Amino acid sequence: MLRKLYIEPTNKCNLNCKMCFRNTWFDEAICEMTLEEYKYVLESMPHTVEKIFFGGMGEPMVHKDIFEMISLASHKCEEVELITNGTLLNEQTITSLIDSGLTKLWISIDDLDTENPTLYSGHDNSSSVLNGIRLFNRIRQIKMTGVGLGITFVATRSNVHQLAKLPFFTAQYLIDEVNISNISPTDEDSKDEMLYRNMVNMFTGPAKGNVLPKVNIPYFDMSIPEAADGIRELMIKQNFEMFFNDQRVMRRTSYCKFVSEGMCFVRSDGNVSPCMALLHNGYTYLNDVKRTIHYATFGNAKETPLSDIWNSEEYRAFRKKVIDFDFSPCIYCGHCDLFEENNEDCIGNTHPTCGGCLWAEGVLSCP
């Protein structure tokens, strides 16, 4: 069932962050969904949709009809969420977001240093975003509304040390939820910011037919340098099954959250895509290999009812393949020529192939 519908009202943005996916786009047109097209999508979506999420690769708040879009969505679903870069938050826009029926606002912020903001997110608006968060909290308290506040944080070599500030930051700014993701590199510079070069081989459990020893670790005071260093070295050399206080530490692999949990995306041009990874054409890097990602669509929701697209034979077959994850294990192998694009894999799958997807490996994450 389709439970969560992502809508990209526009792929325009008021910023030009150096590490953004949009910098690597090819064969993409800048566009936005009209209000009439949006209404058609709402009217034709399956009745099973429980949440509408405004996001994608643009800034939703630059769309002139975004508040009416939220209002219409709130009459269709109990949960309506939106993600923003936070630069357009002011008293008027915050009031309109809340009054329109938004249930949670997500703000992308990659700088938690409230005293000395620095340039991690690709723009120099950290101070204004923090002011926007303060104003949002003040207005939602005055209105006595239950609208939630979340932040997304893309961790890189440059800013990962700031995660130590997260407990204080969430308390100070009344944050209800935090989504932390790794960076998806778009060029040579951002490739060097990766924090997961060897991560794809960690916390996956033993290979088929192999038996690894079980190591059960108690809780240590990680403020003790020797304890922190010991655990770090243990994790780096991991050739065992790790347990903390009898709870297994295991990374979900070959699992697509978008497909398995009933989600899909409607782009600003109406094309229906199954996930964030296949939303737009672009370039990324994996293990120092530059990859060309071609977007995937199963129909256009401006022309065909969304429920018909969702229930089409082609889309249903693709979702089954993804749930079974019947793709080549591109992330773990030595990489053949087919790895450079997502058009074909070595066991005969054709576009879109998902064997090299970092979202499916728990490395990248979206709210």
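J.: Explain the packing of aromatic side chains to me, please; I cannot follow it from the model alone.
T.: Given two aromatic rings, their pairing is described by the distance between the two centres and the angle made by the two planes. All told, the structure shown has 13 aromatic pairs when counted by the stated rule. Each ring, one from Phe169 and one from Tyr173, has its centre 4.6 Å from the other, and the planes form 35°; the classification is tilted. Considered together, Phe169 and Tyr173 belong to a single accessibility category, that of buried residues. Between Trp310 and Tyr315, the ring centres sit 5.3 Å apart and the planes meet at 75°, which makes this aromatic pair edge-to-face. Both residues of the pair, Trp310 and Tyr315, belong to the buried class. Among the aromatic side chains, those forming a connected cluster through ring pairs are Tyr6, Phe53, Phe258 and Phe265. Over the aromatic face of Phe243 sits the side chain of Lys214, whose NZ or CZ is 4.5 Å from the ring centroid.

J.: Would you mind showing me how to read the environment of Phe54 here?
T.: When you line up the elements, Phe54 lands in strand E2 (residues 51-54). Not counting the four nearest positions on each side in its chain, Phe54 is found in contact with Ile7, Pro9, Tyr38, Pro60, Ile66, Met69, Ile70, Ala73, Val80, Glu81, Leu82 and Ile83.

J.: Could you clarify how one ought to interpret helix H2 (residues 66-74) in this entry?
T.: Since the α-helix advances by 3.6 residues per turn, residues separated by three or four positions end up pointing in the same direction. Listed as buried for H2 are Ile66, Met69, Ile70 and Ala73. For H2, the angular spread of the buried residues around the axis is 100°, confining them to a single face.

Procedures and definitions
- Residues numbered from 1 in each chain as written.
- Predicted model: local features only at pLDDT ≥ 70, side-chain atom pairs only at ≥ 80, totals over all residues.
- Heavy atoms only, no water.
- Phe/Tyr/Trp six-rings, centres within 6.5 Å; stacked < 30°, edge-to-face > 60°.
- Buried < 20%, exposed > 50% of the residue type's maximum accessible area, 1.4 Å probe, protein only.
- Lys NZ or Arg CZ within 6 Å of the ring centre and 35° of its normal.
- Helix = DSSP H or I, 4+ residues; strand = E, 2+ residues; numbered from the N terminus.
- Contact = heavy atoms within 4.5 Å.
- Arc of directions from axis to C-beta.

Remember that the coordinates give geometry; whether it matters functionally is a separate question.
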